[in-house]
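Summary of structural features
Read off the chains here:
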Amino acid sequence: MDTALTRTQLVRWRAAIFTIFFVTGLGFASWASRLPAVKQDLGINDLQLGVLLFVSGAASIVGLSLANVIVARWGARRGMFATIITFAAGGLVAGLGVQFLQSYAVVCVAMVLMGVGMSATDVMMNVEAAAVEQSFEKTLMPLFHAFFSLGTVAGAGIGIAMAAWNVGVAWHLWGAAALVLIAGLFSLTAVPTREIVHDDPTTKVSRRDRFAELLSVWRDPRTYAIGAIMLGMAFAEGSANDWLTIAMVDGHGQTEAVGAIALTVFSVAMTVFRILGGPLVDRIGRVWTLRVLSIAAGVGLVMFILAPNLPVAFVGIALWGAGASLGFPLGMSAAADDPKKAAASVSAAATIGYLAFLCGPPVLGWISHQIGILATLWIIVALIAMSGLASGAAKPIAGSKVGAGHH
């Protein structure tokens, strides 16, 4: 454990990062859950809504790149003060733009603020989570990501209630933004200010050298291999979030309600495995956990595609959710093994993963338009297999006690 911090300080630090994961999940889902109302209030069509989501996604890529520079310059704790405020400001502007100004342009500005704020916070909270993990010397990253999942469930649940009670989008988003801001900034007071690690503290690192150091991770083959693990599993997760309900209705001829139940089963399986994942990784190691789970996800998805009846489809969905649960968090954990390069590596690996979340839905939508949704899901099976084959890259680097397992 980190000798500089007392046990109480470590526990408070861990609780603070759990809280930040939870409120960012809640903030994100609060917006996503009100998209039908946003569409109606602004009087826009699906294409215009798609453009809004694309703006948010493109801003996210910018935020991922910025996070790198912010951490190198100010450290994750100070950086998150700025990015959480940016994210919350996006929620405030979105509420104003949708309900009061009914301005598409203002909502586009809100998407930029939310996208940049959310993704930059995402990198920094993962860097902090990895540091907490190294201090406790046990795998905690899946549990941090479980808190994000629980936050999205809470945010979606509140969104359903707000829509049912006809609460305006602005009041809902402002409430969520206030919660993100207050809980997020209060939590940061428990985060220790850590030194920004460089190779030799006696030499002054010029800004240009520091920038070169940030870019060097893109020349490391391990970055791309970890990216491949995360890409496959991000597709496995994202395709379920975007297409599972449609696959149930169009592919298996079920009702919309059954589609909603299917997505719930997937989300529950995923969250449960994120809660239970840490001890499993500490027992059998990061690499074997990823291999076993990629097989589970692949088998589950094949069962779902070929399912002759509903029970088989639901077993397949549960396996698919459980299998997809740890690829992203363990990829983040592996990327952050070296504290010197943690921010740059997490940012690079997250960029590859985010591209899957960003490009996946439209690409899969286009392909499924040609060949049907169930046939399209075979592409995800292939990507899961790629993820499993790349699992060896997640082997902890020398000196890291997290994720090595003890057989």
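Computed from a prediction, not measured in an experiment: that's the story for all the values here.

Considerations on the pattern of salt bridges
Inspection of the entire model under this criterion finds three salt bridges. We note a salt bridge from Arg222 to Asp337, for which the minimum N-O separation is 3.2 Å. One end of the pair, Arg222, is in helix 9 (residues 221–251); the other, Asp337, is in the loop between helix 13 (327–335) and helix 14 (342–371), with 115 residues separating them in the sequence. Residue Arg222 is classed as partly exposed on the basis of its relative accessible area, which comes to 22%. We classify Asp337 as buried; its relative accessible area is 4%. Among the ionic pairs, Arg274 bridges to Glu237, the shortest N-O distance being 3.4 Å. Of the two residues, Arg274 is situated in helix 10 (residues 256–284) and Glu237 in helix 9; the sequence distance between them amounts to 37 residues. The exposure classification of Arg274 matches that of Glu237, with both residues buried.

Comments concerning the packing of helix 5 (residues 104–136) against helix 6 (residues 141–164)
When two helices pack together, their arrangement is given by the angle between their axes and by how far apart the axes lie. The contact between helix 5 and helix 6 brings their axes to 9 Å, and the two run at 145°. Crossing of helix 5 against helix 6: the hand is right-handed. For the pair formed by helix 5 and helix 6, the contact residues are Met118, Met125, Asn126, Ala129, Ala130, Val132 and Glu133 on the first element and Met141, Phe144, His145 and Phe148 on the second. Looking at the contact of helix 5 with helix 6, its residues break down into eight nonpolar, two polar and one charged.

Quick word on the environment of Ala322
Considering the arrangement of structural elements, one finds Ala322 in helix 12 (residues 310–324). In this structure, the C-alpha to C-alpha distance between Ala322 and Val55, residues 267 residues apart in sequence, is 31 Å. Not counting residues up to four positions away in its chain, the partners in contact with Ala322 are Ala269, Met270, Phe273 and Leu293.

Here's the deal with helix 2 (residues 35–42)
Where helix 2 is concerned, the buried positions are Leu35, Ala37, Val38 and Leu42. Taken end-on, helix 2 shows its buried residues confined to a sector of 155°, consistent with a single buried face. Exposed and oriented more than 90 degrees from the buried face of helix 2 are Pro36 and Gln40. Tucked inside the fold, the buried residues of helix 2 contact helix 1 (7–33), helix 3 (46–74), helix 4 (76–100), helix 5 and helix 7 (169–188).

Observations concerning the side chain of Asn68
For Asn68, the location among the structural elements is in helix 3. At 3.3 Å, the side chain of Asn68 and the backbone nitrogen of Ala344 are in polar contact.

Digging into helix 10
Taking 1.5 Å per residue as the helical rise, helix 10 with its 29 residues ought to reach 42 Å, and the 40 Å between its terminal C-alpha atoms agrees with that figure. Gly277 marks where helix 10 bends most, by close to 50°; the proline Pro279 follows one to four residues later. By the burial criterion, the buried members of helix 10 are Val258, Gly259, Ala262, Phe266, Ala269, Met270, Thr271, Arg274, Gly277, Gly278, Val281 and Asp282. On its buried face, helix 10 is in contact with helix 6, helix 9, helix 11 (286–306), helix 12 and helix 13. Downstream of helix 10 by one or two residues, Gly285 has phi in the positive range, about 90°.

Thoughts on the packing of helix 9 against helix 15 (residues 373–389)
Two elements in contact, helix 9 and helix 15, have axes separated by 9 Å at closest approach and are oriented at 160°. In terms of orientation, helix 9 lies roughly antiparallel with respect to helix 15. The element helix 9 and its partner helix 15 pack so that their crossing is left-handed. Of the residues in helix 15, those touching helix 9 at Ala228, Ile229, Leu231, Gly232, Met233, Phe235, Ala236, Ser239, Trp243, Ala247, Asp250 and Gly251 are Ile373, Leu374, Leu377, Ile380, Leu383, Ile384, Met386 and Ser387. The class makeup of the residues in the contact of helix 9 with helix 15 is 15 nonpolar, four polar and one charged.

Looking at a nonpolar patch on the surface
Together, Leu150, Val268, Val272, Phe273, Ile275 and Leu276 make up a nonpolar patch on the protein surface, roughly 480 Å² of accessible area in all. If you tally residues by element for the nonpolar patch, the top one is helix 10, at five residues. Assignment of secondary structure puts Ile275 in helix 10.

A few points about the nonpolar core
Judged by nonpolar contacts, the single largest core of 109 residues is most densely connected at Ile17, Trp31, Leu301, Phe304 and Ile380. A total of 16 residues in this core trace back to one element, the largest contributor, which is helix 5. Apart from the residues within four sequence positions on either side, Phe304 is in contact with Leu244, Ala247, Met248, His252, Ala313, Gly316, Ile317, Trp320, Leu374 and Leu377.

Thoughts on the packing of aromatic side chains
Tallying each qualifying case throughout the model produces nine aromatic pairs. For the pair Phe18 and Phe147, a centre-to-centre distance of 4.3 Å together with 25° between the ring planes defines the contact as stacked. A residue pair is termed long-range when its members are at least 10 positions apart, and Phe18 in helix 1 and Phe147 in helix 6 qualify at 129 residues. Centroid distance Trp171 to Trp174: 5.2 Å. Interplanar angle 85°. Geometry classified as edge-to-face. With a gap of three residues between them, Trp171 and Trp174 both fall in helix 7, about one helical turn apart. One aromatic cluster is present, built from ring pairs that chain together Phe18, Phe21, Phe144 and Phe147.

Focus: the confidence of the model for the chain
The predicted model of the chain averages 86 in pLDDT, with 93% of residues at 70 or higher. Under a pLDDT of 50 for its full length, residues 197–203 has, in the predicted model, six contacts with residues more than four places off or in other chains.

What counts and what doesn't
- Residues numbered from 1 in each chain as written.
- Predicted model: local features only at pLDDT ≥ 70, side-chain atom pairs only at ≥ 80, totals over all residues.
- Heavy atoms only, no water.
- Salt bridge = Lys/Arg side-chain N within 4 Å of Asp/Glu carboxyl O.
- Helix = DSSP H or I, 4+ residues; strand = E, 2+ residues; numbered from the N terminus.
- Buried < 20%, exposed > 50% of the residue type's maximum accessible area, 1.4 Å probe, protein only.
- Axes fitted to C-alpha atoms, helices over the stretch in contact; angles between N-to-C directions.
- Left-handed = near helix turned anticlockwise from the far one by under 90°.
- Contact = heavy atoms within 4.5 Å.
- Nonpolar A, V, L, I, M, F, W, Y, C, P; charged D, E, K, R; others polar.
- Arc of directions from axis to C-beta.
- Polar contact = N/O pair within 3.5 Å; in protein donor to acceptor, adjacent residues only side chain to side chain.
- Expected span 1.5 Å × (residues − 1).
- Bend = angle between axes of the 7 residues up to and from the residue.
- Parallel < 35°, antiparallel > 145°, perpendicular 65-115°, else oblique.
- Patch = residues over 30% accessible without salt bridge, like charges linked within 9 Å, V, L, I, M, F, W, Y side chains within 5 Å.
- Areas by Shrake-Rupley, 256 points an atom, 1.4 Å probe, with all protein chains shown as cover.
- Core = buried A, V, L, I, M, F, W, Y, C linked by side-chain atoms within 4.5 Å.
- Phe/Tyr/Trp six-rings, centres within 6.5 Å; stacked < 30°, edge-to-face > 60°.
- pLDDT = per-residue confidence, 0-100.

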